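Here is how the chains run, residue by residue.
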Amino acid sequence: MGSESGRVKRGELSRISQWLRRRSKPAPEDPGKEREALLLAVAAAGLPVAPAAHPADGYRCSCDRIGCPTPARHPVSFAWQTQSTTDRAQIERWARSQPQANFITATGMVHDVLDVPLEAGRSALERLLAAGIEVGPVAESGGTGDQARMLFFTATRGTPEDEDEWWPCELDCHPETMDEHPGLRWHCRGSYVLLPPAALPGDHSVSWLRDARHPLPDPLTLLETLTDACAQYAGTLDQTPAAASWPPGR
């Protein structure tokens, strides 16, 4: 009887210890809290943000636009430039009331973004770091073909007092026509980019490789390396069909 009672007690203690171990495990990190913290870190660095669309039902966009050309990649409001803010309380309200929303950052006010094909960006980032050049925040945007990009965040080229001296983004590419510019895109005044963490159609995403805590560099310190990497990348796409055929000689 005593041995049987001992077995029961030991069994109870074993179950209690298992329960305690389960209780002592750290709770998994809340993705919403992590997302909010990343957005607030961007705002703390002075980069203005605004809500954007998100994927819906696979490849559709959450906006009401039929056949949206840039699903989950555009701001929610047409007034995104004036709506963009670094106000902590406002960003917290957006993040908590719109848990699925992506967010954009408006460029040309505090920062610009040099946006290159992903393969070219990887090559350039490796060269820049190896050369000891100061590289600021860098994000990777997934996708297929030319939609796979790397984003180099830099200081803006300046905020001249004379409005006529502004360099609008239309001189490079406009957000609505970005697919027409497969090489380097310089996002300045009048443009925006998606901020990490962002969800994209097809289970793609935008994520930080180097977060917003890194100081913004002068864009001209990166430009030569990025343009060289883009030229090399374009060269790999310009192979003749005969040179690219497989098997060889076919």
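In what follows, the structure referred to is the one given above.
Now for a quick tour of the structure. Remember, predicted model here, so these are calculated numbers, not experimental data.

The next point concerns the sheet that holds strand β5 (residues 111-117). Pairing is antiparallel across the open sheet formed by 6 strands, whose spatial order is β8-β5-β7-β6-β11-β10. The open sheet is flanked by β8 (185-187) and β10 (198-200), the only strands paired with a single partner. If you compare each strand with its neighbour and ignore which way they point, the axes differ by 25 degrees on average. With 7 bridges joining them, β5 and strand β7 (residues 149-155) adopt antiparallel strand pairing. Paired with V113 across the bridge in β7 is F153. Where helix α6 (residues 220-237) meets the sheet, its contacts fall on β5, β7 and β8, and the angle it forms with β5 comes to roughly 20 degrees.

Turning our attention to the pairing of strand β6 (residues 138-141). Relative to β7, β6 runs antiparallel, the two being bridged by 4 bridges. For V138, the partnering residue across the bridge sits in β7 and is F152.

Further remarks concern the packing of helix α2 (residues 31-44) against helix α4 (residues 88-97). Where α2 contacts α4, the two axes come as close as 10 Å, and the packing angle between them is 150 degrees. By the criterion of interaxial angle, the relationship of α2 to α4 is roughly antiparallel. The chirality of how α2 crosses α4 is right-handed. Seen from α2, the contacting residues are K33, R35, E36, L39, L40 and A43; seen from α4, they are R88, I91, E92, A95 and R96. Residue composition of the contact of α2 with α4, grouped by class: 5 nonpolar, no polar and 6 charged.

Attention now moves to unusual backbone geometry. Looking along the chain, the bond that leaves P196 and enters P197 is cis, with omega of -5 degrees. Examined against the element boundaries, P197 turns out to sit in the loop between β9 (192-194) and β10. The phi dihedral of A72 falls on the positive side, at around 65 degrees, and the residue is not glycine. Tracing the chain through its elements places A72 in the loop between β3 (60-61) and α3 (80-83). Judged by relative accessible area, which is 0%, A72 ranks as buried.

This brings us to the sheet that holds strand β1 (residues 49-52). Taken in spatial order, the 3 strands make up an open sheet running β1-β4-β9, and their pairing is antiparallel. Single-partner strands in this sheet number two, and they are β1 and β9. Averaged over all pairs of adjacent strands, the angle between strand axes in this sheet comes to 35 degrees, irrespective of strand direction. Where strand β4 (residues 102-106) lies against β9, 3 bridges are found, and the strand directions are antiparallel. Opposite A106, over in β9, you have Y192 as the bridge partner. Packed onto the sheet, α4 meets β1 and β4 and runs at close to 15 degrees relative to β1.

A few words on α6. For α6, spanning 18 residues, the distance from its first C-alpha to its last is 26 Å, which sits close to the expected 26 Å at 1.5 Å a residue. Considering only its buried residues, α6 is in contact with β5, α5 (118-130) and β7.

In this structure the tally under the stated criterion is 8 salt bridges. Across the pair D57 and R60 runs a salt bridge, and its minimum N-O distance is 2.7 Å. The exposed category is assigned to D57, whose relative accessible area is 67%. For R213, the salt bridge is made with D211, and the minimal N-O distance between the two is 2.6 Å. The class for R213 is exposed, based on a relative accessible area of 73%. Each of D115, R149 and R185 takes part in a single network of salt bridges with overlapping partners.

Rules and cut-offs
- Residues numbered from 1 in each chain as written.
- Predicted model: local features only at pLDDT ≥ 70, side-chain atom pairs only at ≥ 80, totals over all residues.
- Heavy atoms only, no water.
- Pairing = 2+ DSSP bridges.
- Helix = DSSP H or I, 4+ residues; strand = E, 2+ residues; numbered from the N terminus.
- Axes fitted to C-alpha atoms, helices over the stretch in contact; angles between N-to-C directions.
- Contact = heavy atoms within 4.5 Å.
- Parallel < 35°, antiparallel > 145°, perpendicular 65-115°, else oblique.
- Left-handed = near helix turned anticlockwise from the far one by under 90°.
- Nonpolar A, V, L, I, M, F, W, Y, C, P; charged D, E, K, R; others polar.
- Buried < 20%, exposed > 50% of the residue type's maximum accessible area, 1.4 Å probe, protein only.
- Expected span 1.5 Å × (residues − 1).
- Salt bridge = Lys/Arg side-chain N within 4 Å of Asp/Glu carboxyl O.

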